[in-house]
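# Secondary and tertiary structure notes
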Amino acid sequence: MSRQYIDIESPQHLGLKKDCSLNPGADEVVIAVAYAGINRADLLQRAGLYPPPEDASPIMGLEVAGVVSAVGPGSQLRIGDRVCALVHGGGYATEAIARSDFCLKLADNISFEQGAALPEALLTVWYNLVERAQLKSGERLLVHGGVSGIGSVAIQIAKYLGCEVVATAGSSEKMALCQKLGADHALNYKSPLAEQLEAVSLMGSVDVVLDMVGGDLAQFNLDALAIDGRIACIGFMRGSQCQLDLIQLLMKRATMTGSTLRRLTVTEKSNCFVAVNEQVMPAIAAGTIQPVIDSIFPLKDALAAQDHMASGAHAGKILLDCQLQG
Ligand SMILES: NC(=O)c1ccc[n+]([C@@H]2O[C@H](COP(=O)([O-])OP(=O)(O)OC[C@H]3O[C@@H](n4cnc5c(N)ncnc54)[C@H](OP(=O)(O)O)[C@@H]3O)[C@@H](O)[C@H]2O)c1
């Protein structure tokens, strides 16, 4: 058996390529990939703005779901296990290697499509909201990008934890989806957000902001915070530079933090997988938290799938169907 994969780094050679089947190392598994998730980071990598770590696979793709087809020594998993996983690149392929502690077993009622939509969102949301920003039951969360792959899961996890949620989106349809996912309030980022937050009497009362936007919204985030509020930055859809009046940081005893999942240590990620497995996966198996899937493209059309994400027309996750092609 050989592996098929897509090489987006050289678009002039686009098309499925073949090489040898993969062999797992110690504590690793090979996954026969059913579906892989597309992420913004893939678009940044394609644009040369987010070079992968040197030891990562040159093939794109950070998350997959499928069946374990081979196990290395020390792996806790068995051949035949249904899993989703974070991978160190290499997800845009029919086979991928994952550390066994970076896999989540999927309950029988969770499809591979749902599974492939989960790892990046679950880990990013859990690490930033719960571990860094210390979001607690009864607190108020503001999530930017409420219908993004990340935001749609953030809304649901925060509601599951017992929080009030305010979400932003760019159209009335996407605002309605935020509310369907559980958001108590939805704001349209194409109109001034401060006025909309004032209108629902929540200005200055947000405990935690999950920010993937940055740019000129950074000041709004700080202004929106309550005393002892926290901001977790995970992305910069409006750019990483801004002018900021830091007085609010002092007056509110605010905390700004940020992280990128790919650069966490193995131990940090592994600990996060344990927490997500124990504390979130039961809610996924029960259907309380459900990933939103926008669309599924064949593996060979990975470039079109990325272009669809770049267009901003989507809501939720865009997936690649990686099941063996002919
Ligand atoms: N730090 C980490 O570890 C980490 C991990 C994963 C993802 N991320 C980041 O999280 C973000 C979401 O990733 P994703 O894969 O879920 O991407 P995505 O589905 O394409 O989401 C992008 C989101 O950004 C919103 N947005 C776009 N332009 C905006 C603007 N000018 N003002 C306000 N909002 C705007 C979009 O809102 P509408 O659709 O409503 O227009 C959409 O919800 C990205 O920035 C990504 O880099 C970070």
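Residues numbered from 1 in each chain as written. Predicted model: local features only at pLDDT ≥ 70, side-chain atom pairs only at ≥ 80, totals over all residues. Heavy atoms only, no water.

## Some points on the packing of helix 3 (residues 119–132) against helix 9 (residues 266–279)
To be explicit about the condition: Helix axes are fitted to C-alpha atoms over the stretch in contact, other axes to C-alpha atoms as well, and angles between N-to-C directions run from 0 to 180 degrees. Starting at the N terminus, helices and strands are each numbered in turn, a helix being any DSSP run of H or I of at least four residues and a strand any DSSP run of E of at least two. If an angle is under 35 degrees, it is roughly parallel; if it is over 145, roughly antiparallel; if it lies from 65 to 115, roughly perpendicular; otherwise it is oblique. Contact definition: two residues touch when any of their heavy atoms are within 4.5 Å. Residue classes follow a fixed rule: Ala, Val, Leu, Ile, Met, Phe, Trp, Tyr, Cys and Pro count as nonpolar, while Asp, Glu, Lys and Arg count as charged, and any other residue, Gly among them, counts as polar.
Helix 9 packs onto helix 3 with a crossing angle of 95° between their chain directions and a minimal axis gap of 10 Å. One finds that helix 3 runs roughly perpendicular with respect to helix 9. Only Lys269, Cys272, Phe273, Ala275, Val276 and Gln279 of helix 9 make contact with helix 3, whose side of the interface consists of Leu122, Leu123, Trp126, Tyr127 and Glu131. In terms of residue class, the contact of helix 3 with helix 9 is built from eight nonpolar, one polar and two charged.

## Thoughts on the pattern of salt bridges
Opposite charge on two side chains permits them to pair, given that their charged atoms come into close proximity. The test is simple: Salt bridge, as applied in this entry: a Lys or Arg side-chain nitrogen positioned within 4 Å of an Asp or Glu carboxyl oxygen. Note on exposure labels: buried denotes an accessible area under 20% of the residue type's maximum, exposed denotes more than 50%, and partly exposed covers the range between, all computed with a 1.4 Å probe on protein chains only.
If you walk through the whole model with that rule in mind, you get 12 salt bridges. Where Arg3 meets Asp19, a salt bridge forms, and the shortest distance between an N and an O atom there is 2.8 Å. A residue pair is termed long-range when its members are at least 10 positions apart, and Arg3 in strand 1 (residues 2–6) and Asp19 in strand 2 (residues 16–20) qualify at 16 residues. Of the residues examined, Arg3 reaches a relative accessible area of 9% and is grouped as buried. By relative accessible area, Asp19 is classed as partly exposed at 28%. For the salt bridge of Arg253 with Asp228, the shortest nitrogen-to-oxygen distance reads 3.1 Å. Here Arg253, found in the loop between helix 8 (247–251) and strand 13 (255–258), pairs with Asp228, found in strand 12 (residues 225–233); they are 25 residues apart in sequence, far enough to count as distant. Residue class for Arg253 comes out exposed when judged on its relative accessible area of 52%.

## Brief notes about the domain arrangement of the chain
As a reminder, the rule being used: All domain edges in this entry derive from an automatic or database-based domain assignment. The quantity reported as buried area is the accessible area (1.4 Å probe) lost by two parts once they are put together, taken as the sum for both. Pairs of N or O atoms are called polar contacts if they sit within 3.5 Å, as long as, within protein, a hydrogen donor faces a hydrogen acceptor (for residues adjacent in sequence, only side-chain-to-side-chain pairs).
As far as domains go, the chain holds domain 1 (2–118 + 291–321) and domain 2 (121–261). The straight-line distance from the C-alpha centre of domain 1 to that of domain 2 is 28 Å. Facing the 14 residues of domain 1 at the interface are 13 residues of domain 2. Summed over both partners, the interface of domain 1 with domain 2 buries about 970 Å², with 64% contributed by carbon and sulfur atoms. On the domain 1 side of the contact with domain 2, Leu86, Leu118 and Val292 bury the most area, a combined 39% of that side's loss. The tally of links between domain 1 and domain 2 comes to zero salt bridges. The interface formed by domain 1 and domain 2 holds six residue pairs in polar contact (both at pLDDT 80 or more) in total. For the side of domain 1 that touches domain 2, the residue count by class is eight nonpolar, three polar and three charged.

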